[in-house]
Amino acid sequence: TNGTFHCDHDAAYTNYLMLFGNQTGFGAGLNPNLSAQKVAEGRKRGLKVVAIDPICNHAASKADEWVPIRPGTDAALAYAMINVLLNDLGIYDGEFLKRYTNGPYLVKPDGYYMRQDSKPLIWDADKGEAKPYDADVKDYALEGSFFVDGVECKPAFQLLKEHVGKYTPEMASEITTVPAATIRRLAEEFGREARIGSTIVVEGVELSYRPAAANFYRGAGAHKHG
């Protein structure tokens with residue numbers, strides 16, 4: 001989600017950049033001169049650019065790889081890549097999901113959160129019981145199925161895994177025209193380049209280091225299926 005007027009990948013630390021229907025870093029989009037300069041500097045040190053677009057536009061013609069796609073089907077490709085990452089390769093940042101997202105929130109069969117005093121509940125994997133999301137919890141469960149007050153609940157992340165499971169590369173290939181083998185390779189490259197678990201020190205501060213980025217912005221974001 002985009003929670004600000006403008007946010008972008010940090011080209012100075014990005015090693016693998018996927019552009020879904022946009023030309024950020026190639027003289028287009030917001031701050032075009034600055035982003036083009038930063039992406040150009042990144043490419044000098046090895047930044048790989050993959051352009052996913054129906055047209056071999058300016059960015060696609062200059063990218064390391066152009067992936068032609070049927071217009072309006074970017075979401076199917078993204079879902080298939082997420083499916084490969086989560087269900088086939090098991091590549092995801094579990095600690096980030098637990099700490100910064102609603103991935104651990106327990107969801108009832110009706111699609112709403114299981115709550116206590118209006119607070120969404122999570123499953124304390126260490127204690128084996130449900131607790132409010134802001135309780136003192138050592139380890140949040142991201143996967144599985146649990147009963148709370150007689151109601152079966154699943155973490156939101158578990159439901160995401162199940163939902164994207166139907167978007168196989170073969171299914172997405174029929175929708176997007178992108179070969180299934182290419183979809184699997186792109187997902188594996190993206191996951192590998194994300195370097196889950198690695199850190200970097202910037203200005204004396206140790207931060208998580210995830211130098212892979214996927215930029216949808218005005219391309220896929222402004223389409224009818226955006």
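Conventions adopted
- Residues numbered from 1 in each chain as written.
- Predicted model: local features only at pLDDT ≥ 70, side-chain atom pairs only at ≥ 80, totals over all residues.
- Heavy atoms only, no water.
- Salt bridge = Lys/Arg side-chain N within 4 Å of Asp/Glu carboxyl O.
- Helix = DSSP H or I, 4+ residues; strand = E, 2+ residues; numbered from the N terminus.
- Buried < 20%, exposed > 50% of the residue type's maximum accessible area, 1.4 Å probe, protein only.
- Pairing = 2+ DSSP bridges.
- Axes fitted to C-alpha atoms, helices over the stretch in contact; angles between N-to-C directions.
- Contact = heavy atoms within 4.5 Å.
- Right-handed = clockwise from strand over helix to strand, strands pointing away.
- Parallel < 35°, antiparallel > 145°, perpendicular 65-115°, else oblique.
- Left-handed = near helix turned anticlockwise from the far one by under 90°.
- Nonpolar A, V, L, I, M, F, W, Y, C, P; charged D, E, K, R; others polar.

Draft legend 1. Quick look at the pattern of salt bridges. Following the criterion strictly, the structure yields 14 salt bridges and no others. Asp-64 is the salt-bridge partner of Arg-43, the closest N and O atoms lying 3.2 Å from each other. Of this pair, Arg-43 sits in helix 1 (residues 32-44) while Asp-64 sits in the loop between helix 2 (58-62) and strand 3 (65-67), and the two are 21 residues apart along the sequence. Relative accessible area serves as the criterion here: at 26%, Arg-43 is assigned to the partly exposed category. Note that Arg-185 is salt-bridged to Glu-65, the shortest N-O span being 2.5 Å. Note that Arg-185 is positioned in helix 7 (residues 180-194) and Glu-65 in strand 3, a separation of 120 residues in sequence. Judged by relative accessible area, which is 31%, Arg-185 ranks as partly exposed. Through salt bridges with shared partners, one network takes in Lys-48, Glu-65, Arg-185 and Glu-189.

Draft legend 2. Local environment of the sheet that holds strand 12 (residues 212-215). Strand order in the open sheet formed by four strands is 3-2-1-12, and the pairing between neighbours is parallel. Of all strands in the sheet, those with a lone pairing partner are strand 3 and strand 12, marking the two edges. Put simply, the sheet's adjacent strands are angled 15° from each other on average, direction ignored. Across five bridges, strand 1 (residues 16-20) lies against strand 2 (residues 48-52) in parallel orientation. Along strand 2, the bridge assignment pairs Leu-17 with Val-49. Strands in contact with helix 3 (residues 74-89) are strand 1 and strand 2; relative to strand 1, the strand with the most contacts, it is inclined by about 145°. On top of the sheet, helix 7 reaches strand 1, strand 2, strand 3 and strand 12; it is set at about 135° to strand 1, its chief contact.

Draft legend 3. Structural context of the pairing of strand 2. In terms of burial, strand 2 is a largely internal element, four of the five residues being buried. What joins strand 1 to strand 2 is helix 1, and the crossover it makes is right-handed. Note that strand 2 and strand 3 share three bridges and pair parallel. Looking across to strand 3, one finds that Ala-51 is bridged to Trp-66.

Draft legend 4. Just the packing of helix 3 against helix 6 (residues 169-176), in detail. The contact between helix 3 and helix 6 brings their axes to 9 Å, and the two run at 165°. Taken as axis vectors, helix 3 and helix 6 run roughly antiparallel relative to one another. Where helix 3 crosses over helix 6, the two elements pack in a sense that is left-handed. Where helix 3 approaches helix 6, its residues Ala-76, Leu-77, Ala-80 and Val-84 are matched on the opposing element by Pro-169, Ala-172, Ile-175 and Thr-176. Residue composition of the contact of helix 3 with helix 6, by class: seven nonpolar, one polar and no charged.

Draft legend 5. Seen up close, the sheet that holds strand 9 (residues 151-155). Spatial ordering of the open sheet is given by 4-9-8, a layout of three strands whose pairing is antiparallel. Only two strands of the sheet have a single partner each, and these edge strands are strand 4 (106-107) and strand 8 (146-148). The sheet contacts of helix 5 (residues 156-164) involve strand 4 and strand 9, and relative to strand 9 the element is tilted by about 75°.

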